[in-house]
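The chain contents come next:
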Amino acid sequence: MALLTLTLLVLGACLPALVHCCDVTDHLCGAQGEGNLILGLLAAIHGSVNLDKRIRPESYQCSDFELVPFMRSLATVHAIEEVNAAGVVPGLHLGYMMFDTCSHAGKALQNVELMLAVNHSLHTSCDYTDYRPRVKGVLGPRYSETSISVAKLLSIYMIPLLSSTASSPALSDKARYPAFMRTVPSDVHQTRALTQLMVHFKWNWVGVVYRDDDYGKAALQSFLRDTQRANVCVAYQEVLPFQFHPQNNAQDVQRVAGQIRSSSAQVVLLILKSNQVDAIFKEMIKTNTQKIWLASDLWAVSGPLAHMEGINQVGDILGFSFIAGRSESFDNYLRNLRQPPGGYNHFIEEYKNLRFNCTPECFEDNPPAYCPSPDLLKIKSPKACEYTDPQAQNDDFLVQTLDTGEAFLERGAVWAIAHALKKVLECNGSSCTGDKDFPPWKLLEELKRVTFEYEGQMFNFDENGDSLNGYDVIMWTEDGPHRKFSKIGRYRALDELIKINETNLVWFSTSNSTVPFGRCAERCPPGKYKKIRKVSCCYECIKCKAGEFSGGWDHEDCKSCPNDTWCLEGADHCKPRWESYLRWNDPHPIAILAAAVFGILLLLVILVLFWIYRDTSAMKRAEVSISTVMIAGLSVSYASVICFMGRPSVHLCRARQVMFALGFTLCVSCVLVKAYRTFLAFLPFGRALHGRLTRLYQPAAIIIVLTILQGIICCLWLIFDSPDIDRTPPSPLNLKKVIQCHVGTEYIGFGIMLSYIALLAFIGFLLAFKGRRVPQQFSETGYIIFSMLMYLFVWVCFVPVFITNKEERTAVQASAILVSNYGIIFCHFLPKCYEAIWGPDTGTMERFYNRIRAMAGRTVPIAPTANQVQAAKKVLQSFLSESAGDKVVMVADPPFGGLVKPLANSFSLISHMWKAQQNSVEF
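Since this is a predicted model, take the numbers as computed values, not measurements.

## Regarding the side chain of glutamine 276
Here's step 1: Tracing the sequence through the fold places glutamine 276 in helix H8 (residues 274–286).
Here's step 2: Beyond its immediate chain neighbours, meaning those up to four positions away, glutamine 276 contacts Arg211, Leu240, Pro241, Phe242 and Phe244.

Put into structure tokens, the structure is as follows:
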């Protein structure tokens, strides 16, 4: 009676009609929609109520607007509108009255009394069989603690209370809560599912933190019974107050966080509300503590928690969520929120003010007192100050931020009520003939028997009023700086079986697919592993053998040291093998790098000299254009040496080989062209063969074709047996790990590449060697011979050293490239530079004539014939040519005979021609 008296005092401000019993200015009346049949809606729109300062029976002061309960309440309203639009109950229109419980049982009881009040008073009687209130059923509330209190009151009147979230096992007791039903399974099934999950992953050591209310205590007791049967040990049990606020309960949070950190239990079950989990996670993030967290249904799919800052640092999170399913119609409803026709919704107004009202002062360092909390300021739209009327605005913030599929069971609950109403009102396709003002217990009877399918999911209730549609197993996977909810399995409540899909399952604790450790016993220190005794939760600690280690507490076995580490018996870590490669700051690599850079600079100087002295006879014989191409090829070859420095990578391994292959091939191709020119000019051939060989002398084409062939070889090498990082494990007792490239698993591509360059060098060497007696004034045979000999010698020595000395292969190849490059420079380019700058003038016609006369060995006639004149012209054309591309035409005979005879017989003509050109042309 005291409760009824208190209620009458509170209801003094109500308006007469029940459908309009709430004054729009009264905070108790959150929302309502007109209708012939009224449903009561209890929603926890606000997360907390200030009870510390409430010393008189005055209004409750609620705070902390919560998006998820707000979205769930809108799902209920939207489902009612869907039922009305579908005409499920013909001729009748469902209405509703929505109240905010503020997550508090006392506030919820006040709401229920307001629902049941008629003409400002509650109906009192000893027999409520014929009690006919306007509210025929109540949907909600969100939390089990609130549901327990409301269910006790409504059981007096046998008004059905249908919840979509309250899962406390106590509510299955029909003797105590005969009017309570729910579209979710009891926590009896949830705790069994949690135990099955631990057994599946072989975890048997768990800590529990629960909430100090009926829901938390009942869930804990159920979990303890299940773990005992499954041989799972509970390390500790910690409790947080029912009425929780992060600032007021900071010491409680510190105590619980300290216990979690200090315990060896890696698995922690949190039977808490999301705001309590938020406080604990913040403590874990501060100390970078990672655990395996098992979530109760209260926070298993909490969007705000999944988007909290630093959530990826807390470790793995698994839990169970009720059956979910998104609705495009509901998503569109959220995108276009509006006041209900003929009704109102203060919660929509509050949300739109938080979202679209312009309050820049709330983002300052010292915001005014009326500003919402920092968490609520995150709701604010960045375009808020662009709007003049916040209530007229809409966007898809709720759809993008929240998982609207969570509200599936709220919508299912409305349809369950609708199907039961059809039975009570005896509805057919067009009308309902039953009594419209029926007592609520009739609806309860039909609700217990209802069976229907909604969006692919069957809805029915067992003898306890519980739904047995099971759970989805949820894992919080990484989504950038946040988390997302990934379904990894299903728990079937009917047969109590859990099925997990472990394909592509990545754990935060192990950074891979390895299931993290979570077993129970005395803690084994690092360096030891557990040996299981007869009792499954206990074991003894055994030292790890040499070469194996355990780097943490309570390892089930020892791990072998990775390839780059080693340890002694009983070690808690492996000493890392130091990595060996050509580091930039080591003496040997610095010397190699300096040699490569110096070579490139030297090539640059040579190029400048070649172009400055390009009109000298020495440079004309060297053919500046071809020599420039040679310099470019050598530069690329030098640049490849730089790729041998530093820590190897796959791209560097490939780049160094391709650069050397193409660069040095380009250089050797140019050398071969020069040797071929001399070979054609001075060696005897038949006239027909000479013509054919002369036509083959196309310097640009030869160089391009030979280089392209090497490019093709490199492409095939990269495709079929590409260079890569050498992953050969080092010796188990060796603390040095050589980081280097291998040139392919079969060495075939590498061998063909080197053999091709060697073949070109050898051909160039042979051509030059055939013309070795040609005077140096007329050719470069000596330079070619020595440079090619040096290259062949270097690489002949390189091959056995490269094969036998595996750890120094990088330095060996880099050195071989440098020596080969410097061989070309010192044996080919520098002599030319010296000859051009300081050498004697060997190009005069007098010296040329003397050499010819010495080789001819006879007196030169004065009167040349026409054939002699033509032959002399051809010879002069060959030696007076200023470009490398000019063709040289000679006549054939014994060595130099074909050249000497016409010149010897045409001395006067040659002398005359020399006098005509000696002022403009040098040999």
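And the narrative resumes.
## Describing the layout of surface pockets
Regions of empty space are outlined by a rolling probe, equal in size to a water molecule, passed over the atoms.
Here's step 1: Here the second largest pocket is characterised by a volume of approximately 820 Å³.
Here's step 2: Gln266, Pro516, Phe517, Trp553 and His555 are, among the 29 residues lining the second largest pocket, the residues nearest its centre.
Here's step 3: Of all the secondary-structure elements, those providing two or more residues to the lining of the second largest pocket are helix H7 (250–262) and strand E12 (291–295).
Here's step 4: Along the lines of polarity and charge, the residues of the lining of the second largest pocket split into seven nonpolar, 13 polar and nine charged.

## Overview of the confidence of the model for the protein
Here's step 1: Overall, the prediction assigns the protein a mean pLDDT of 80, with 82% of residues at 70 or greater.
Here's step 2: Across residues 842–846, confidence stays below pLDDT 50; counting only partners more than four residues off in sequence or on other chains, it has 16 contacts.

## A short note on the sheet that holds strand E8 (residues 180–182)
Here's step 1: Pairing in this open sheet of seven strands is mixed, and the strands run E8-E7-E6-E2-E5-E1-E14 from one edge to the other. The open sheet has two edge strands, E8 and strand E14 (344–345), and neither has a second partner.
Here's step 2: Relative to strand E7 (residues 161–163), strand E6 (residues 135–139) runs parallel, the two being bridged by two bridges. Among the inter-strand pairings, valine 138 is bridged to a residue of E7, identified as leucine 161.
Here's step 3: On the sheet, helix H2 (residues 67–86) packs against strand E2 (37–43), strand E5 (94–100), E6 and E14 and is oriented at approximately 175° with respect to E5.

## Quick notes on empty space enclosed by the protein
Here's step 1: Going through the model one piece at a time under the given rule, you end up with ten cavities of 30 Å³ or more.
Here's step 2: Around the second largest cavity, the lining is made up of 19 residues, and of these Leu42, Thr76, Leu139, Gly140 and Glu410 lie nearest the centre.
Here's step 3: For the lining of the second largest cavity, the leading source of residues is H2, giving four residues.
Here's step 4: Tallied by class, the residues present in the lining of the second largest cavity amount to ten nonpolar, six polar and three charged.

What counts as what
Residues numbered from 1 in each chain as written. Predicted model: local features only at pLDDT ≥ 70, side-chain atom pairs only at ≥ 80, totals over all residues. Heavy atoms only, no water. Helix = DSSP H or I, 4+ residues; strand = E, 2+ residues; numbered from the N terminus. Contact = heavy atoms within 4.5 Å. 1 Å grid on protein atoms, 1.4 Å probe; cavity = no way out; pocket = protein on both sides within 12 Å on 5 of 7 lines; lining within 4 Å. Points joined across faces, edges and corners; volume = space filled by probe spheres on them. Nonpolar A, V, L, I, M, F, W, Y, C, P; charged D, E, K, R; others polar. pLDDT = per-residue confidence, 0-100. Pairing = 2+ DSSP bridges. Axes fitted to C-alpha atoms, helices over the stretch in contact; angles between N-to-C directions.

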